[in-house]
Every structure is written in structure tokens, then in C-alpha cells.
Amino acid sequence: MAARERHDRRRPEQRAQGWPGTDADRERLASTFNEAAATYQRARPDYPEELLGELIATTRLSVGDRVLEIGCATGKATLPLARRGFQITCIEPGPDLVVAARRNLVGLGAEVILGRFEDWDRDLAFDLVFAATAWQWVDPKVRYRKAWESLRRGGHLAFWEASHVFPDGGDPFFREVQEVYEEIGEGLPPNARSPRWPRPGELPDQRSEIEASGLFEVVLIRHFDWGRVYDAEAYLELLDTFSGHIAMKAWQRDRLYGEIRRRVAERADRSVRRHWGAVLHVACRLDDPPVLVPPAG
């Protein structure tokens, strides 16, 4: 592997989900999701109804309100929200993902546009701009400004990421299999700090980043967690939707997937239980954001 990848300090689970490092990493890994268009809707977990309900209640959305979704993929979050009667426009950079999303959303009045949010220039004012497991892939230098410009006065920005969490007494499989990631060169370097395995409620939030933008006021940050049981093939199909796995060399993926199949087959129930966590962020657009004055001299 290239030296940059060997010395990547993200823990294996972060790389496994394509957690972006540098700008170059973000752009390279973001481009891989289109390869998972055929399986993404089936493999990725549904978001909890409680999370979607909290989103709607906090933003006070009503039937017919205009919503802009950033990076809808195949419509995992779009579908349940469109069924509630919101007028949704999605912008998605993956052409095959756009085709899949349009197919999944037929008859629900949602519009799916091929493009990047960074290049969005429609003169429209939305009640809500949101991203479901996509905000991290938007250029951090422009994402808050672009969201602010896309919202009506008093509108809201919301985002969350579906991440792996590790409850006390949870399935040990994921810690055990990290030795295989180490073997194929996807582990942490020897001088890195020990991996941290966040429990439910311990995922970091982005309050300080939202506030630092000067464009939004945080109105809600809430943690959600849920679990799902996978057999070996379903779990591997899930991994195939993570950009870090898509970007692996064939020999790495073959070794890792073969070992996962072997280990799951040796378990009594031939399955693994993965716990998911998400931090819902909701922020209200400031109508008169502070003017940033550059320092003198």
C-alpha cells in the first residue's frame, strides 16, 4: 500500500466506513459510493423512526414544506420522509446512485438531481437542508455557507452520520477481527494511540463547528442507537458499501472477506450483531450572521 495509507491514523473502523482524512482522501473516497448503487438500499440500515420523528418535530416541518437533501445515495432517508408528504429535492453526485434513487422514489414527488452540493446554484429557499450520512463528504470550507444560502429565513440545517458503536457486553467479533485489518495493512501504525471504541452516547458531536460557522444556532443535538443482526453475506454486502472497503486492493478484500466468512461460520448462530449510533444535529439559520472582520496588519 502507499505510504499515505499505511500511516493513516484513523482507527480501522473509521477507515472501514470511509471516514475522510485529508481533502484528497475525502474526494477520492466520496467518489467510490457510486460503485455500490446496486446494493446500497438493501445493505445499509434504515434510520430509526424516532430519529426521523425528532427531526420533523424539532424543525416543525409540515406536509408540503420544501426540503433539500445533500447526497441522498439511493434514498435511505429520502423515502420515509417523502412518504410523509414533504416536497424533497435531492442532489447526488453519483450517476448510478441517481438512477437508483429515482427508481426508489417513483410516485412520491421527489426530484433527484445529478451534481455536487458545492456547485449548487439554484435560487430556491428551502425549509430544511439535511444530510444523512453524507455531511462529512461535503467540502467543509463551503458547506455551512452553501446550506445557509439554500434556506429561507428561519429555516433549519440537519445532519447525522450512521456510525458503529460498541455497547458494554456487545458482540466481540468486531474487536477480534481487527487483527485481520492489521494483517492486510489497514490497521493503525505502531506509534498511534490505542483505538477508541465509542459506546452508545459517546460519539462526538459537531456543536463547536456549527457555532464557529457563525451562520447557525444549534437547537438540538441528540444521540440515537439501534442494532441489527447480519449473517456473513449480509455483513459483507454492508462492507461493500463502505468507501474504505470499496477502495481496497483485491487481495486485501479477498483475505479480509474470506476470514470474516470463516469466523462467522464457526459461530453457533452464524451471525454478528452490529450496533449503530447517530448524532442528530439540528441548527436554525441565523437571519443576520455576524460579519467577520479580518485581523489588522
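Predicted model, so just to flag it, every value in this text is computed and none were measured.

Draft legend 1. Summary view of the environment of Gly64. As for its placement among the helices and strands, Gly64 is situated in the loop between α5 (49-59) and β1 (66-70). On the basis of relative accessibility, which here comes to 39%, the residue Gly64 falls in the partly exposed class. With 23 residues separating them along the chain, Gly64 and Gln87 place their C-alpha atoms 5.4 Å apart.

Draft legend 2. Looking closely at the environment of Gly258. Relative to the assigned elements, Gly258 resides in helix α14 (residues 250-265). According to the relative accessible area criterion, Gly258 is partly exposed, its value standing at 35%. In the structure, Gly258 is positioned 22 residues away from Leu236 in sequence and 9.9 Å away in space, judged by C-alpha atoms.

Draft legend 3. The arrangement of the pairing of strand β8 (residues 272-285) in detail. Along β8, 13 of the 14 residues are buried, which leaves the element largely enclosed by surrounding structure. Across four bridges, strand β5 (residues 151-160) lies against β8 in antiparallel orientation. Its bridge partner lying in β8, Leu157 is registered against Ala283. The pairing of strand β6 (residues 163-165) with β8 spans three bridges and is classified as antiparallel. Bridged to Val165 within β8 is His275. Both strand β7 (residues 216-230) and β8 contribute to a ladder of 14 bridges, which runs antiparallel. Residue Val218 lies in a different strand from β8, and its bridge partner there is Ala283.

Draft legend 4. Examining the packing of aromatic side chains more closely. For the structure shown, the criterion picks out 13 aromatic pairs. Note on Phe130 and Trp160: the rings are 5.8 Å apart at their centroids and 10° apart in plane angle, and the pair reads as stacked. With Phe130 in strand β4 (residues 126-132) and Trp160 in strand β5, this residue pair connects regions lying 30 residues apart in the sequence. When sorted by exposure, Phe130 lands in the same class as Trp160, which is buried. Between Trp226 and Trp276, the ring centres sit 6.5 Å apart and the planes meet at 15°, which makes this aromatic pair stacked. On the criterion of sequence distance, the pair formed by Trp226 in strand β7 and Trp276 in strand β8 is long-range, its members being 50 residues apart. Connected via pairs of aromatic rings, a cluster forms that spans Trp135, Tyr144, Phe159 and Phe216. Its end group placed over the ring of Trp276, Arg274 keeps NZ or CZ at 4.3 Å from the ring centre.

Draft legend 5. Examining the pattern of salt bridges more closely. According to the stated counting rule, one finds 23 salt bridges in the structure shown. In this structure, Glu54 and Arg222 form a salt bridge, with 2.5 Å as the shortest nitrogen-oxygen distance. Taken together, the residues Glu54 in helix α5 and Arg222 in strand β7 connect sequence positions 168 residues apart. By relative accessible area, which is 27% here, Arg222 ends up partly exposed. Residue Asp168 is joined to Arg199 by a salt bridge in which the shortest nitrogen-to-oxygen separation is 3.4 Å. Placement of Asp168 in the loop between β6 and α9 (173-176) and of Arg199 in the loop between α10 (178-183) and α11 (207-213) is noted, with a sequence separation of 31 residues between them. Residue classification places Asp168 among the exposed residues on the basis of a relative accessible area of 63%. Residue classification places Arg199 among the partly exposed positions, given a relative accessible area of 36%. Connected through shared salt-bridge partners, Glu179, Glu183, Arg255, Glu259, Arg262, Arg263 and Glu266 make up one network.

Reading the values: rules and limits
Position numbers for residues start from 1 in each chain and track the written sequence from start to end. With the structure being a predicted model, the display of local features is reserved for residues of pLDDT at least 70 and the display and counting of side-chain atom pairs for 80 or more, all residues being used for whole-chain, interface and lining totals. Hydrogens and water are ignored here; the side-chain numbers use all heavy atoms of the structure. Only runs of H or I of at least four residues qualify as helices and only runs of E of at least two qualify as strands under DSSP, and these elements are numbered from the N terminus. When accessible area is computed with a 1.4 Å probe and restricted to protein chains, residues below 20% of their type maximum are described as buried, those above 50% as exposed, and intermediate ones as partly exposed. Only when DSSP finds a minimum of two bridges between them are two strands counted as paired. In summary, the pairing rule links any two rings of Phe, Tyr or Trp, Trp by its six-membered ring, whose centres are within 6.5 Å, and it sorts them by plane angle into stacked for under 30 degrees, edge-to-face for over 60 and tilted for everything else. In this scheme, the term charge over a ring applies when either NZ of a lysine or CZ of an arginine sits within 6 Å of the ring centre and within 35 degrees of the ring normal. We define a salt bridge as a side-chain nitrogen of Lys or Arg found within 4 Å of a carboxyl oxygen belonging to Asp or Glu.

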